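Single-letter residue listing:
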Amino acid sequence: MGTSNRRLGIVWDMNLTTTESIRVLRQLQLDSAKTQTERNKLGQFATHPALATEMLKYAKTLLPSASKIRFLDPAFGTGAFYSALLEQFSLPQIVEAIAYEIDPHYGNEAIELWRDTPLQLNITDFTNAVPPNCDSRSDPFGNRTKANLLICNPPYTRHHHLSRVEKLRLQRITEEIAGIKLSQLASLYCYFLCLSDAWMATDGLAGWLIPTGFMDVNYGQPIKDYLLNCVTLLRIHCFDPVDVQFEDALVSSAVVWFKKALPPVNHAVEFTYGRSLTQPKMSLMMSVESLRGAAKWTKFGLMSERVISQEQSLKLKDLFTIKRGLATGANDFFVLKPEQISEYQLPMEFLKPVLPSPRLLPVDEIKADDLGNPILDRQLFLLSCELPPDEVKAKYPTLWEYLQMGVEQGICDRYLCKHRSPWYSQEKRPPSPFLCTYMGRQNTGRGRPFRFILNHSRATATNVYLMLYPKPALAKVLLDPSELLKEVWQALDRISDEALMSEGRVYGGGLHKLEPRELGNALAGKIVEVLSKQSVD
Ligand SMILES: C[S@@+](CC[C@H](N)C(=O)[O-])C[C@H]1O[C@@H](n2cnc3c(N)ncnc32)[C@H](O)[C@@H]1O
């Protein structure tokens, strides 16, 4: 079923109120009247009604019962959250509902839709709006009061879509209003979150549906500092990236809950992961102190308490030097099949076996023939030559001819080739006995994002693999008994997907990637168990 049909299904499938059904339908029509590029620029990806309801239901459990609500949604769209607010709270409870929406395309429709309700929707840029200055419940002078319930799915607009002038303006006002200095790389949602501080009443509650990016990248640090030092961070729920929250915007998202009050001493934050906000798959309490010292946060949702307590133990980087496989700069030219080698009569001394990409590798254990070549249906060889051009031309005319084809095709001018000398030489990557795939999805036939490969051959690998070279102490014990090699490989394979995924990064749609450093941070307990039978100095 296409995205639109699936979303249209919401209208009929769910037990929605009439207005909500109309809203969802209108949302769908309004979305389809825009191009994907237009929607990306303004971050126009609506919240699923079921999630909006879940968020408002959850907010209700955090608020004192029967409290009077002053609601704010700074990025309204057609009002998924407002609709859920009306569902969860009685009208007399809602004393005020303020919202902003920059795009009249959605805004005008929303005004029409919610005409008979207390909504005050401003069709203007929230980041330009002046925050209220009154914190108290009843201001005798009729000044605008701050919100005590802010629920928002802000535009995720990446910094590339913000002009330099716009970024400078946002940076300046965020610093003026919230005292937070954001990096030029920050996405628009970071500015929304910081600026909203001035709109929240003391002890007010905020629930932000935002990308998980800020938790792991450098530009997110000021946001993390804000969450740990300026407010009381209550909970972060990370959705399972396989279960993308916005079908058409490829991001993995989280809901961040906090209270506008300084954190109590010894405060702990709840990290939950997976399934739904109300029934997460995993849950873990993390002290503010430990969060302060942690560079990446997404892993806390994923990890079990047991794994975290082992943080200080031996890691893979203590046992292996881990390198990304080699980047040829032009695989079509440098990675050759035996037929191509004989067609161009290339000298074998400049060809080394190389593994095919994981997609085309049917086995996880690679056996070798007498020459050390991998026993695989698909044999591939990497062309690499260190000799200077004059010598190649004089001594290896067929290779010279082949290289001239590379010159004619402009391969020698490609970035990576240009930075090698000679351009047809390759990085040094001797074969490694263990390899790990560099990226993968969880929702494939194998069901696991990463594969560990045991390589008995002398094949090297390109950068779709990470290569694990045993450090001297481990290499020493692996020298004789080949059984142990296999056991170490099996132990690598027993490292849980969660542990690996929590070290790496994840992209929307559930594509996981592991850089060498990140794989190096995975715990080596399983290998230590195997080695403990042997003596490793
Ligand atoms: C991610 S959508 C969320 C819409 C709605 N609240 C929901 O959850 O379905 C973000 C909305 O913010 C609007 N928006 C983008 N930039 C804005 C700005 N500077 N001020 C106010 N609204 C903005 C977009 O047009 C879009 O409707």
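For the structure, check the block above.
Cut-offs and rules
- Residues numbered from 1 in each chain as written.
- Predicted model: local features only at pLDDT ≥ 70, side-chain atom pairs only at ≥ 80, totals over all residues.
- Heavy atoms only, no water.
- Pairing = 2+ DSSP bridges.
- Helix = DSSP H or I, 4+ residues; strand = E, 2+ residues; numbered from the N terminus.
- Axes fitted to C-alpha atoms, helices over the stretch in contact; angles between N-to-C directions.
- Salt bridge = Lys/Arg side-chain N within 4 Å of Asp/Glu carboxyl O.
- Buried < 20%, exposed > 50% of the residue type's maximum accessible area, 1.4 Å probe, protein only.
- Near = heavy atom within 4 Å.
- Polar contact = N/O pair within 3.5 Å; in protein donor to acceptor, adjacent residues only side chain to side chain.
- Areas by Shrake-Rupley, 256 points an atom, 1.4 Å probe, with all protein chains shown as cover.
- Nonpolar A, V, L, I, M, F, W, Y, C, P; charged D, E, K, R; others polar.
- Parallel < 35°, antiparallel > 145°, perpendicular 65-115°, else oblique.
- Left-handed = near helix turned anticlockwise from the far one by under 90°.
- Contact = heavy atoms within 4.5 Å.
- Core = buried A, V, L, I, M, F, W, Y, C linked by side-chain atoms within 4.5 Å.

Think of a sheet as strands paired side by side through backbone hydrogen bonds, with each pair either parallel or antiparallel. The strand order 16-20-19 describes an open sheet built from 3 strands, whose pairing is antiparallel. Taken across any chain shown, the strands that pair with only one partner, and hence form the sheet edges, are strand 16 (439–441) and strand 19 (505–507). Averaged over all neighbouring strand pairs, the angle between strand axes comes to 25 degrees, with direction disregarded. In this structure, strand 19 lies alongside strand 20 (residues 511–513), joined through 3 bridges in antiparallel fashion. Counted as the bridge partner of Tyr507 is Leu511 from strand 20.

A word on the pattern of salt bridges. For the structure on display, the rule yields 20 salt bridges. Note that Asp103 and Lys34 form a salt bridge whose closest N and O atoms lie 2.6 Å from each other. Of this pair, Asp103 sits in the loop between strand 2 (94–100) and helix 6 (104–113) while Lys34 is found in the loop between helix 2 (18–32) and helix 3 (36–42), placing the two residues 69 residues apart along the sequence. Look at Asp103 and you get buried, because its relative accessible area is 9%. By relative accessible area, which is 18% here, Lys34 ends up buried.

This next bit is on the environment of Asp31. Positionally, Asp31 belongs in helix 2. For Asp31 and Phe45, which are 14 residues apart along the polypeptide, the C-alpha to C-alpha distance reads 8.3 Å.

Before going further, it helps to spend a moment on the site of the ligand. In the vicinity of the ligand, 23 residues are found, and the nearest of them are Gln44, Thr47, Ala75, Glu101 and Asp125. Interatomic distance of 2.9 Å between a backbone N/O atom of Phe126 and a nitrogen atom of the ligand. In isolation the ligand has 590 Å² of accessible area, and contact with the protein removes 97% of it. Its residues assigned to classes, the shell around the ligand shows 13 nonpolar, 6 polar and 4 charged.

With that out of the way, let us pick up the pairing of strand 14 (residues 380–383). Residues of strand 14 alternate between two faces, with Leu380 and Leu382 on one and Phe381 and Leu383 on the opposite face, all of them buried. As judged from the 2 bridges shared by strand 11 (residues 335–336) and strand 14, these two strands associate in the antiparallel manner. Residue pairing across strands places Val335 opposite Leu382, the latter belonging to strand 14. For strand 12 (residues 351–354) and strand 14, the ladder comprises 4 bridges, and the chain directions are antiparallel. Bridging from a neighbouring strand, Lys352 pairs with Leu382 of strand 14.

When two helices pack together, their arrangement is given by the angle between their axes and by how far apart the axes lie. At a minimum axis distance of 8 Å, the contact between helix 4 (residues 49–62) and helix 5 (residues 80–88) shows a crossing angle of 50 degrees. The orientation of helix 4 relative to helix 5 falls into the category oblique. Classified by chirality, the crossing of helix 5 by helix 4 is right-handed. Each of Ala52, Thr53, Met55, Leu56, Lys57 and Lys60 in helix 4 lies in contact with helix 5, whose residues at this interface are Ala80, Phe81, Ala84, Leu85, Glu87 and Gln88. Classifying every residue of the contact of helix 4 with helix 5 by side-chain character gives 7 nonpolar, 2 polar and 3 charged.

On to the nonpolar core. If you look at the biggest cluster of nonpolar residues, it comprises 53 residues, and the most contacted ones within it are Trp208, Leu227, Phe258 and Trp297. With 8 residues, the single largest contributor to this core is helix 8 (residues 188–195). Excluding residues that lie within four positions of it along the chain, Trp208 makes contacts with Pro74, Leu150, Cys152, Pro154, Phe192, Leu193, Ser196, Ala254, Val255, Val256 and Phe258. Among the nonpolar cores identified, the runner-up in size contains 33 residues, and Met55, Leu63, Ala99 and Leu119 belong to it.

Next up on the list: the sheet that holds strand 4 (residues 147–152). The 9 strands lie next to each other as 3-2-1-4-5-7-6-8-9, forming an open sheet whose pairing is mixed. This sheet does not close on itself; its edge strands, each paired only once, are strand 3 (119–122) and strand 9 (282–287). This sheet shows a mean twist of 15 degrees between the axes of neighbouring strands, independent of strand direction. Pairing geometry for strand 1 (residues 69–73) and strand 4, over 2 bridges, is parallel. Within the sheet, the bridge partner assigned to Phe71 lies in strand 4 and is Leu149.

Let us look at the side chain of Asn373. Tracing the backbone through its elements, the reader meets Asn373 in the loop between strand 13 (365–366) and strand 14. Apart from residues lying up to four places away in sequence, Asn373 is in contact with Pro353, Lys367, Ala368, Gln379, Phe381, Ser457 and Arg458.

Further remarks concern helix 8. Most of helix 8 is tucked away, with 8 of its 8 residues classed as buried. Of all the positions in helix 8, only Leu188, Tyr189, Cys190, Tyr191, Phe192, Leu193, Cys194 and Leu195 are classed as buried. In this fold, the buried residues of helix 8 make contact with helix 7 (164–178), strand 5 (200–211), helix 9 (221–229) and strand 7 (253–259).

Function-wise, these values are silent; they only describe arrangement.
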